[in-house]
Amino acid sequence: MKVLFVCLGNICRSPSAEGVFSQRLAQRPHMHVAVDSAGTAGYHIGKAPDARSVAAARKRGIDISGLRARQVTAEDFHRFDLILAMDRSNLADLRRLDPGNGAELHLFMEYAPDQPLEVPDPYYGGDQGFEQVLDMLEAASDALLDELQSRC
Ligand code: 4NP
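Read on for a plain summary of the structure. (Residues numbered from 1 in each chain as written. Predicted model: local features only at pLDDT ≥ 70, side-chain atom pairs only at ≥ 80, totals over all residues. Heavy atoms only, no water.)

A look at the pairing of strand 1 (residues 2-7)
- Taking burial as the measure, the six residues of strand 1 include five buried ones, the bulk of the element.
- With six bridges joining them, strand 1 and strand 2 (residues 34-39) adopt parallel strand pairing. Its bridge partner lying in strand 2, Leu 4 is registered against Asp 36.
- Once the chain exits strand 1 it traverses helix 1 (residues 13-25) before rejoining the sheet at strand 2, and the crossover so formed is right-handed.
- In the sheet, strand 1 pairs with strand 3 (residues 82-85) via four bridges, with the strands oriented parallel. Paired with Leu 4 across the strands is Ile 83, a residue of strand 3. (Buried < 20%, exposed > 50% of the residue type's maximum accessible area, 1.4 Å probe, protein only. Helix = DSSP H or I, 4+ residues; strand = E, 2+ residues; numbered from the N terminus. Pairing = 2+ DSSP bridges. Right-handed = clockwise from strand over helix to strand, strands pointing away.)

Re unusual backbone geometry
- A positive phi angle, close to 60 degrees, is found at Asn 10, a residue other than glycine.
- Position of Asn 10 among the secondary structure elements: in the loop between strand 1 and helix 1.
- Under the relative-accessibility criterion, Asn 10 is labelled buried at 2%.
- For Asn 101, which is not glycine, the phi torsion reads 60 degrees and is therefore positive.
- Note on placement: Asn 101 falls in the loop between helix 4 (88-97) and strand 4 (104-107).
- Given a relative accessible area of 86%, Asn 101 falls into the exposed group.

Remarks on the sheet that holds strand 2
- Ordered in space as 2-1-3-4, the four strands form an open sheet in which the pairing is parallel. Both edges of this open sheet fall to strand 2 and strand 4, since each of them pairs with a single strand only. Between one strand and the next, the sheet's axes are offset by a mean angle of 25 degrees, whatever the strand orientation.
- Here helix 1 sits on the sheet and contacts strand 1 and strand 2; the angle it forms with strand 2, its principal contact strand, is near 170 degrees. (Axes fitted to C-alpha atoms, helices over the stretch in contact; angles between N-to-C directions. Contact = heavy atoms within 4.5 Å.)

Considering the packing of helix 1 against helix 5 (residues 127-148)
- It is at 9 Å that the axes of helix 1 and helix 5 come closest, and there the two elements cross at 50 degrees. As the angle between them shows, helix 1 and helix 5 are arranged oblique. In the packing of helix 1 onto helix 5, the handedness of the crossing is right-handed. Side by side, helix 1 and helix 5 meet where Arg 13, Ser 16, Ala 17, Val 20, Phe 21, Arg 24 and Leu 25 of the first sit next to Val 133, Leu 134, Leu 137, Glu 138, Ser 141, Asp 142, Leu 144, Leu 145 and Leu 148 of the second.
- For the contact of helix 1 with helix 5, the class distribution of residues is 10 nonpolar, two polar and four charged. (Parallel < 35°, antiparallel > 145°, perpendicular 65-115°, else oblique. Left-handed = near helix turned anticlockwise from the far one by under 90°. Nonpolar A, V, L, I, M, F, W, Y, C, P; charged D, E, K, R; others polar.)

Examining the site of the ligand
- With respect to spatial proximity, the complete set of residues near the ligand consists of Cys 7, Leu 8, Gly 9, Asn 10, Ile 11, Cys 12, Arg 13, Tyr 43, His 44, Asp 121, Tyr 123 and Tyr 124.
- Within the contact set of the ligand, an oxygen atom lies 3.3 Å away from a backbone nitrogen or oxygen of Asn 10.
- Within the contact set of the ligand, an oxygen atom lies 2.8 Å away from a side-chain nitrogen or oxygen of His 44.
- Coverage of the ligand by the protein amounts to 92% of the 360 Å² it exposes when considered alone. (Near = heavy atom within 4 Å. Polar contact = N/O pair within 3.5 Å; in protein donor to acceptor, adjacent residues only side chain to side chain. Areas by Shrake-Rupley, 256 points an atom, 1.4 Å probe, with all protein chains shown as cover.)

Written out as structure tokens, the structure is:
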């Protein structure tokens, strides 16, 4: 199973999702899931995650400082089984790019039914937004891992 997390810039939400999901996946050593992240936009290609995302993740024992931003490619739709968007705008962009017959596309938060459906973009807000994003990503990661448990 291969999972790709997607947001707009690939410097805040989706690298955080990759880090949170990978940390929780490591606690389930019998499961085999490959994880990556990408952005629908190309503004930040090659850059490390936003310093505020790095700091917030570090407080929870997750190091995302080595990740580098990249843009979604047509190949991603064939290489990945699941492509998980952070918000509806990301999902709409992915649907436009999708050549078809490949990955399933979903909002990541669909897996956590007691949470809001969209991960809010924390880029223009304060530090509290980054904490809220991590809380949501933790809930959705655990729910997705439960769902995938029997398949991977
Ligand atoms: P992300 O946040 O999509 O969670 O990585 C953003 C990062 C940068 C921009 C927008 C959102 N930007 O417009 O530069």
